[in-house]
Amino acid sequence: MSLIRLLRLSDAPPPAREIVDVAQDGSMTGWRSIHDAVGRFAGTAPDLEALRALAEATAGMGPPGTPTLPHDATTDNLTTTAGELVVSDKATPDGPWGELLVACRRLLDE
């Protein structure tokens, strides 16, 4: 199982199908569909221990509830062993889930 997985999805043109997946050992794979550079990437997650600590901070607390989103919304779906957070790509919840989401978005963007 992955340590963390972030999916950015949208059906609105242009459709977003982006992913970053960090394994327990720190290996990282991803796909960018909308960006200056698109395609697959792989490598090692920077600062794995910080990511692991953020993921562990979500343990024992379920993700914040999913808000009602428009049908054409772009969503960020963040999955950990504690559950799955689904939010607009423009929203960031407070607390550990939000901190982990920010870190994962940074991985996707960098």
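Residues numbered from 1 in each chain as written. Predicted model: local features only at pLDDT ≥ 70, side-chain atom pairs only at ≥ 80, totals over all residues. Heavy atoms only, no water.

**Things to note about the overall build of the protein**
So the rule is basically this: Helix numbering and strand numbering both begin at the N terminus, where a helix is a DSSP run of H or I of at least 4 residues and a strand a DSSP run of E of at least 2. The atom set for the radius of gyration is the C-alpha atoms, and the globule formula is 2.2 Å times the number of residues raised to the power 0.38. Think of it in three bands: with a 1.4 Å probe and only protein chains considered, a residue is buried below 20% of the maximum accessible area for its type, exposed above 50%, and partly exposed in between. Whether two residues are in contact is decided by their heavy atoms: any pair within 4.5 Å suffices. Throughout, the Shrake-Rupley method with a 1.4 Å probe supplies accessible areas, and for residues the shown protein chains are the sole cover considered. When charges are counted, Lys and Arg contribute as positive and Asp and Glu as negative, whereas His and the chain ends are disregarded. To locate a charge, the coordinates of NZ of Lys, CZ of Arg, CG of Asp or CD of Glu are taken.
Each helix and strand in the protein was counted, giving two helices and six strands. Going residue by residue from the N terminus, the α and β elements of the protein occur as β-β-β-β-α-β-β-α. The C-alpha radius of gyration of the protein comes to 13 Å, within 12% of the 13 Å expected for a compact globule of 110 residues. Each of the three principal axes of the protein carries a C-alpha extent, and together these read 35 × 30 × 20 Å. Looking at the protein as a whole, 40% of its 110 residues are labelled buried. Summarising the internal contacts of the protein: among those between residues at least 6 apart in sequence, 38% fall at separations of at least 24. Counting only carbon and sulfur atoms, one obtains 55% of the accessible surface of the protein, whose full area is about 6,100 Å². Of note, the protein has its 9 positive side-chain charges centred 4 Å away from the centre of its 16 negative side-chain charges.

**Details of the nonpolar core**
Cut-off, in case you're wondering: Nonpolar core, defined: a set of buried Ala, Val, Leu, Ile, Met, Phe, Trp, Tyr and Cys residues in which side-chain atoms within 4.5 Å join the residues together.
Counting residues in hydrophobic clusters, the biggest one holds 21 residues, and the most contacted among them are Ile-4, Leu-6, Val-22, Leu-51, Leu-78, Leu-100 and Leu-107. Secondary-structure elements contributing two or more residues to this core are strand S1 (2-10), strand S2 (16-23), helix H1 (48-57), strand S6 (83-88) and helix H2 (95-109). Counting residues per element, this core draws most heavily on H2, at seven residues.

**Some words on H2**
One turn of the α-helix equals 3.6 residues, which is why residues spaced by three or four share an orientation. Worth spelling out the cut-off: Given a helix with a known number of residues, its expected span is that number minus one, times 1.5 Å.
The first and last C-alpha atoms of H2 sit 21 Å apart over 15 residues, in line with the 21 Å expected at 1.5 Å per residue. For H2, the set of buried residues is Trp-97, Gly-98, Leu-100, Leu-101, Ala-103, Cys-104, Arg-105, Leu-107 and Leu-108.

**Some points on the packing of H1 against H2**
Test applied: Only C-alpha atoms enter the line fits that serve as axes; for helices the fit covers just the stretch in contact. Angles between N-to-C directions range over 0 to 180 degrees. We call a crossing left-handed when the near helix sits turned anticlockwise from the far one by less than a right angle, and right-handed when that turn is clockwise. Classes in brief: Ala, Val, Leu, Ile, Met, Phe, Trp, Tyr, Cys and Pro nonpolar; Asp, Glu, Lys and Arg charged; the others, Gly included, polar.
Their axes nearest at 8 Å, the elements H1 and H2 cross at an angle of 145 degrees. The handedness of the crossing between H1 and H2 comes out as left-handed. On H2, the residues that touch Leu-51, Leu-54, Ala-55 and Ala-57 of H1 are Pro-96, Glu-99, Leu-100, Ala-103 and Leu-107. Of the residues contributing to the contact of H1 with H2, the split by class is eight nonpolar, no polar and one charged.

**Points about the confidence of the model for the protein**
Rules: Residue-level confidence of the predictor, termed pLDDT, takes values from 0 up to 100.
The predicted model of the protein averages 90 in pLDDT, with 100% of residues at 70 or higher. Element-level pLDDT for the protein is lowest in S6, with a mean of 92, against a maximum mean of 95 in H1.

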